[in-house]
Amino acid sequence: MSALVQIGKPKPALSVGGEPGLRGAEKGAAAATALGLAIFLVAFAMPGKLSGWVPLLAMIVLFAGGASSYFWFAYRGTTPGIKNHGLMTDGTTARGVLGWVLGVVFTGFYVILYWHPGPLEGGIRLLDPLAMALSKNPANQWFLYGFLYTLAVLVMGLRMMLRYRHNRYQLLRTVSVMFFQLGFAFLLPNILKALNEPEFYFTYFWPLKPEVLLPWSIEGGWYTSERFGMWFIYIAAGMTFLSTPILTWLYGKRWYCSWVCGCGGLAETLGDPWRHLSDNSETAWRVERWMIHGVLLTITLLTGFLWINAHSGNAILGADGSLLFSRTYGFFIGAMFSGVIGVGFYPLMGSRVWCRFGCPMAAYLGLLQRFFSRFRITTNGGQCISCGNCSTYCEMGIDVRAYAQRGDNIVRASCVGCGVCAAVCPRGVLKLENGPVGDRFPGANKPVRAFLEALGLKPRS
Amino acid sequence: MHVVIIGNGITGVTAAREIRKRQPRWRITMISAESERHWSRPALMYVYMGHMRLQDTQPYPDHFWAKNRIDLVRAHVSAIDVSSRTLTFAGGGAMTYDKLLVATGSQPNRFGWPGQDLARVQGMYSLQDLELLEQNSVGLSHAVIVGGGLIGIEMAEMLHSRGVHVTFLVREERYWSNILPSEESRIIERVIAAEGIDLRLGTELTEIHGDERGEACAVTTSSGDRIACQLVGLTAGVRPNLSAVAGSAIETGRGVLVDDTLATSAPHVWAAGDCAEIRRPEGARNLMQQVWYTGRLQAEVAAANICGDEAPYDPGIWFNSAKFFDLEWQTYGMVPSRPGEGQRSLYWEAPDRRTCVRLVANGDGTLHSMHAFGIRYRHRVCEGWIRDRLPISEVLERLPEANFDPEFYKRHERQIAAAMRSQL
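None of these values were measured; they are calculated from a predicted model. (Residues numbered from 1 in each chain as written. Chains lettered and ligands numbered in written order. Predicted model: local features only at pLDDT ≥ 70, side-chain atom pairs only at ≥ 80, totals over all residues.)

*Asks:* Would you mind showing me how to read the overall build of chain B here?
*Replies:* Counting its secondary structure elements, chain B contains 10 helices and 25 strands. Taken against the 2.2 N^0.38 rule, which gives 22 Å for 424 residues, the C-alpha radius of gyration of chain B at 23 Å falls within 12% of a compact globule. For chain B, the C-alpha atoms occupy an extent of roughly 65 × 60 × 45 Å along the three principal directions. Taking as baseline every contact in chain B between residues at least 6 positions apart, the subset at least 24 positions apart corresponds to 61%. (Helix = DSSP H or I, 4+ residues; strand = E, 2+ residues; numbered from the N terminus. Rg over C-alpha atoms; globule rule 2.2 N^0.38 Å. Contact = placed C-beta atoms within 7 Å.)

*Asks:* Is there a simple way to explain the domain arrangement of chain B in this structure?
*Replies:* Residues and elements named next belong to chain B. Domain boundaries in chain B define domain 1 (2–107 + 239–306), domain 2 (121–236) and domain 3 (319–421). Between domain 2 and domain 3, the C-alpha centre-to-centre distance is 30 Å. In this assembly, 15 residues from domain 2 lie in contact with 14 residues from domain 3. Element by element, the count of residues in the side of domain 2 that touches domain 3 is highest for helix 6 (residues 182–194), at 6 residues. Of the residues belonging to the side of domain 2 that touches domain 3, the class tally is 8 nonpolar, 2 polar and 5 charged. (Domains from an automatic or database assignment. Nonpolar A, V, L, I, M, F, W, Y, C, P; charged D, E, K, R; others polar.)

*Asks:* Where do I start with the interface of chain A and chain B in this structure?
*Replies:* Accessible area lost when the parts come together is the quantity often used to give the size of an interface. Facing the 44 residues of chain A at the interface are 45 residues of chain B. Elements supplying a minimum of two residues to the side of chain A that touches chain B: helix 1 (2–5), helix 8 (168–194), helix 18 (389–393) and strand 2 (430–434) of chain A. Among the residues making up the side of chain A that touches chain B, the classes are represented as 17 nonpolar, 21 polar and 6 charged.

*Asks:* Looking at this model, I keep getting lost on the sheet that holds strand 12 (residues 198–201) of chain B. Mind explaining?
*Replies:* All names here are of chain B. Here we have 5 strands laid out as an open sheet, ordered 9-16-10-11-12, and parallel in their pairing. The open sheet has two edge strands with one neighbour each: strand 9 (121–122) and strand 12. Looking at chain direction, strand 10 (residues 142–146) and strand 11 (residues 165–170) are connected through 5 bridges and run parallel. Bridge pairing in strand 11 links V144 to T167. The sheet strands contacting helix 5 (residues 150–161) are strand 10, strand 11 and strand 16 (231–234), and the helix crosses strand 11 at an angle near 170°. (Pairing = 2+ DSSP bridges. Axes fitted to C-alpha atoms, helices over the stretch in contact; angles between N-to-C directions.)

*Asks:* Looking at this structure, how should I read the pairing of strand 25 (residues 367–373) of chain B?
*Replies:* Looking along a regular strand, one sees side chains alternate from face to face of the sheet. Residues and elements named next belong to chain B. Where burial is concerned, most of strand 25 is hidden: 7 out of the 7 residues are buried. In this structure, strand 22 (residues 327–332) lies alongside strand 25, joined through 4 bridges in antiparallel fashion. Within strand 25, the position partnered with W329 by the bridge is F373. By the bridge criterion, 6 bridges tie strand 24 (residues 356–361) to strand 25 in an arrangement that is antiparallel. Paired with R358 across the bridge in strand 25 is H371. Joining the antiparallel neighbours strand 24 and strand 25 is a turn of 5 residues, in which G365 adopts a positive phi near 80°. (Buried ≥ 20, exposed ≤ 12 C-beta atoms within 10 Å, placed from the backbone.)

*Asks:* Even after reading the chapter, I still don't get the sheet that holds strand 25 of chain B, so can you show me in this structure?
*Replies:* Strands pair in a sheet through their backbones, by hydrogen bonds, and they do so in one of two ways: parallel or antiparallel. Residues and elements named next belong to chain B. Strand order in the open sheet made by the 5 strands is 21-22-25-24-23, with antiparallel pairing throughout. The sheet terminates laterally at strand 21 (319–324) and strand 23 (344–349), the two strands that pair on one side only. Across the sheet, the axes of successive neighbouring strands diverge by a mean angle of 10°, strand direction being ignored. One ladder, built from 6 bridges, connects strand 23 with strand 24; its direction is antiparallel.

*Asks:* Would you mind going over the confidence of the model for chain B with me for this structure?
*Replies:* Low pLDDT marks stretches whose predicted atomic positions should not be read closely. For chain B, the mean per-residue pLDDT works out to 96, and 100% of the residues sit at or above 70. Confidence metrics for the complex model read pTM 0.94 and ipTM 0.96. (pLDDT = per-residue confidence, 0-100.)

*Asks:* Would you explain the domain arrangement of chain A in this entry?
*Replies:* Residue and element names in this part refer to chain A. Assigned domains within chain A: domain 1 (2–167), domain 2 (282–361) and domain 3 (373–454). Listed as interface residues are 9 residues of domain 1 and, on the opposing side, 9 residues of domain 2. For the side of domain 1 that touches domain 2, the class distribution of residues is 5 nonpolar, 3 polar and 1 charged.

*Asks:* Please clarify how the nonpolar core should be interpreted in this entry.
*Replies:* Across soluble globular proteins, nonpolar side chains have a tendency to be buried as a group. Counting residues in each nonpolar core, the largest one holds 236 residues, and the members touching the most others are A:C421 and B:V102. Residue contributions to this core peak at 11 residues, all from helix 7 (residues 141–163) of chain A. Not counting residues within four places of it along the chain, the set of residues in contact with B:V102 comprises B:I6, B:A244, B:V245, B:V256, B:V269, B:A271 and B:C275. (Core = buried A, V, L, I, M, F, W, Y, C linked by C-beta atoms within 7 Å.)

*Asks:* Even after reading the chapter, I still don't get helix 13 (residues 282–311) of chain A, so can you show me in this structure?
*Replies:* Residue and element names in this part refer to chain A. When the terminal C-alpha atoms of helix 13 are compared, their 44 Å separation across 30 residues agrees well with the 44 Å that a helix rising 1.5 Å per residue should span. As for helix 13, its buried residues are in contact with helix 9 (215–218), helix 14 (321–344), helix 16 (353–357) and helix 17 (360–371). At the exit of helix 13 stands G313, carrying a positive phi of roughly 65°. (Expected span 1.5 Å × (residues − 1).)

*Asks:* I keep staring at the environment of B:A302 and nothing clicks. Help me out?
*Replies:* Residues and elements named next belong to chain B. The residue A302 is located in helix 7 (residues 292–306) in this model. What makes A302 buried here is the crowd of 31 C-beta atoms within 10 Å. Each C-alpha atom, one on A302 and one on L262, is 5.9 Å from the other, the two residues being 40 residues apart in sequence. A302 has contacts with A15, L101, L262, W270 and A272, leaving out every residue within four places of it along the chain.

*Asks:* Would you explain the environment of B:Y409 in this entry?
*Replies:* Residue placement: B:Y409 occurs in the loop between helix 9 (392–402) and helix 10 (413–421). Along the sequence, B:Y409 and B:I375 sit 34 residues apart, while their C-alpha atoms lie 9.6 Å from each other.

*Asks:* Which parts of the structure should I look at to understand unusual backbone geometry?
*Replies:* With the exception of glycine, most residues fall at negative phi, and the peptide bonds are largely trans. Omega for the bond connecting A:W206 with A:P207 falls within 30 degrees of zero, at 5°, which places this linkage in the cis form. One can find A:P207 in the loop between helix 8 and helix 9. Positive phi values are uncommon outside glycine, yet A:R95 reaches one of about 55°. Tracing the backbone shows A:R95 in the loop between helix 3 (53–76) and helix 4 (97–115). The class for A:R95 is partly exposed, based on 15 C-beta atoms found within 10 Å. A positive phi angle is found at B:R353, which is not glycine, with a value near 60°. Structurally, B:R353 is set in the loop between strand 23 and strand 24. Note on B:R353: 12 C-beta atoms within 10 Å, which makes it exposed.

*Asks:* Honestly, the packing of helix 9 of chain B against helix 10 of chain B in this entry has me stumped. Any pointers?
*Replies:* Angle between the axes and distance between the axes are the two parameters that describe a pair of packed helices. Residues and elements named next belong to chain B. With their axes 9 Å apart at the nearest point, helix 9 and helix 10 run at an angle of 165° to one another. By the angle class used here, helix 9 and helix 10 are roughly antiparallel. As for the relative orientation of helix 9 and helix 10, their crossing is right-handed in sense. Here helix 9 contributes L396, E397, L399 and P400 to the contact with helix 10, which in turn contributes E413, I416, A417, M420 and R421. Partitioned by chemical class, the residues of the contact of helix 9 with helix 10 number 6 nonpolar, no polar and 3 charged. (Parallel < 35°, antiparallel > 145°, perpendicular 65-115°, else oblique. Left-handed = near helix turned anticlockwise from the far one by under 90°.)

*Asks:* Before we go on, may I ask you to explain the pairing of strand 2 (residues 27–32) of chain B in this structure?
*Replies:* All names here are of chain B. With 5 bridges connecting them, strand 1 (residues 2–6) and strand 2 associate as parallel partners. In the strand pairing of strand 2, H2 is matched with R27. A crossover links strand 1 with its parallel partner strand 2, the connecting element being helix 1 (residues 10–22), and its sense is right-handed. Pairing geometry for strand 2 and strand 3 (residues 70–74), over 5 bridges, is parallel. Within strand 3, the residue paired with I31 across the bridge is V73. (Right-handed = clockwise from strand over helix to strand, strands pointing away.)

*Asks:* I would appreciate a short explanation of the confidence of the model for chain A in the present structure.
*Replies:* Averaged over all residues, the pLDDT of chain A is 90; the fraction at 70 or higher stands at 92%. Across residues 1–19 of chain A the pLDDT falls below 50, and counting only partners more than four positions away or on other chains, this stretch makes 58 contacts in the model.

*Asks:* Could you clarify how one ought to interpret helix 17 of chain A in this entry?
*Replies:* Note on helix geometry: an α-helix contains 3.6 residues per turn, so any two residues three or four positions apart are oriented the same way. Residue and element names in this part refer to chain A. With 12 residues, helix 17 should cover 16 Å at 1.5 Å per step; its first-to-last C-alpha distance of 17 Å lies within 8% of that length. Within helix 17, 11 of the 12 residues are buried, leaving the element largely enclosed by the surrounding structure. Every buried residue of helix 17 is listed here: P360, M361, A362, A363, Y364, L365, G366, L368, Q369, R370 and F371.

*Asks:* Could you clarify how one ought to interpret the environment of A:Y110 in this entry?
*Replies:* Residues and elements named next belong to chain A. Along the chain, the position of Y110 falls in helix 4. Separated by 229 residues in sequence, Y110 and G339 place their C-alpha atoms 6.4 Å apart. If we skip the residues at most four places from it in the chain, Y110 touches G339, V340, V343 and G344.

Structure below.
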């Protein structure tokens, strides 16, 4: 049986052509991509040597245009449908040598970005014209990061759209994450900066971006904007305490995690080739529950302490609550977990490590989704053949099949509603649906009771 | 009490789980010659195509078996002695049972074609077939597949996914003609052609030619063509696997003969799933059902009877599903390939010439059966309509209730209803 584990050598997972090897157009596109990358690398190697719009535009057109065309040509030769050929046998997508290399490259990039940005200087300078045009300020490491992030979401988003061009749910969802990344997480914050306003990200709020509701942000700090100051505060608080519960009630956590959020957007685009690497064992689920709710509890308590501290003359944490915060939570959760591990480990642990094990927003949305939402995944009677495609391609590591083969609804806190389980199902068994809350599982009609039971505060009925 | 189950497919596993639910203390042993653990047979193709690893196709984690005290034995049962209740294993060893369930499934048909025993000629059914196909895929550029059913098209898709050119020989004049009406056959034929597969209808295999190493190197067809190839896939249906019961006192016909409680002619022995042939009252044809869902359903009934809870097998309302390359098919009720006496068949096809729905009406205008390509429908809703004999006019009105496609998909129900009303 062990021979089967490494069975065969289907076509490489990132190319999808009908015949082995690359065809002419694909070769040309790949060459353009490489050339664009070369310009970028030269910029890194020789800071300041490449300046002005010409090398920047050449890099963008060749790299992004080349990669997009490559996917275009590669998928054009296939019939629309699920084409996961070779994902489990190709080293890039199945933790082979190339997968590990990519893991190290991604991880290394984050380490350099957060703590040793020196070597990035050349790349940052290459982006100056764009940064000046958008934000009236020279580029810095965070501009470089935002630029690369957005480029990845757009190019790999196009790939995702080509892969799922037969599936309108996937098409709309991918357009949505591309739109929110480009507009709300890249253009808008930079334009605000040009207007001498704080770089406000409308799509990140407490507890994912706790800073927006911490005392020094609200009572001083970056809400000093005369034009928008109070609005930023209303929006930040409103998103967390009003919009989130309402939208999650109506549609489940997917409205955020797989349609709007930038972390989710990257996972659904750049991370798509590795979604099947999420561990779907029961042990992983147990670890996940403790970790993610632990982070939510931590940031909730920490936020409370910081407010009490600020209003008790710094009696608890001393004067420098903000420094303490950035050195602890900001370092371990914000940088290490969400960045280095969250994205760096895509090729090793799947695309949703952060969303699944660490994101406090996902934990909050998850509790709402599990008990106070109309969302569920329905299964279709007796049609399940237990094949395992759904569980394999669930990026959150949910054992979807375990529910589907029993004919049970899937009501799980972690489900981000990406819809890929329903897409890969060969027998039409799964459907993401919103409907009456009480239909979802026995006891769902009494959500508060179900919640307390799950916490062990009430005996199970 | 010791229950032994021969076979660890969906039937064997479902029976083991059901018996465990009813009898927490009984000893349960499941024997398989094919594999250590249960895995999903319909998922075999995805392992070859690199969509999943074999372990991903196993519905239960490794600790499941110990936790539920289901003992797994890897052995080939070569003889069953029903008087001493003893199983003999090929290669030595024996085991006694108190109650026995035969769930040995089926095996690929071979019709005595010249050259069928050459190397690089194979079926596509078992784990061993998959391993063999893997070996045979080395240096493979052209394959010939023989047989126009579900396994044939799956094998074509598998090989096609690795860039192997496939010639697909189908004896009938249209694809899967004993099951599908002709419009649907044509759809599948277009799907096959669109993939670049060389589909030859009305063509039979006459001979497989071997080279000096005893490996298949070409076939000759009934139209006299000689096609060079490095692999011949034989997928002309399956028949019950009777190797374990052969030579025993258990009565067999085409399959293991059972009554409607799935009991065989021998005491304390039951049979279920692909290998079982259910006797019907005088005049009616014996029932043989060889799909995933009936294996599961029969296992539940067999388990109940083994545990002493008298439960006759009720096949219920037929359903099935499959996927032909990218095109999904779901059926509720048995849609006839040609409408029977008094039946009326209503058909709608989308402009894409692959999405379609067919409703079949009984003589009294009520729903007999329905199926769809490219649209998903809800099992429980459609089953309810068929069971309750809902008038077709009402079905057409309520069709949107049954739609199970993902959100934002284009809905066709209004066009379907309009088209079918004009056929009434």
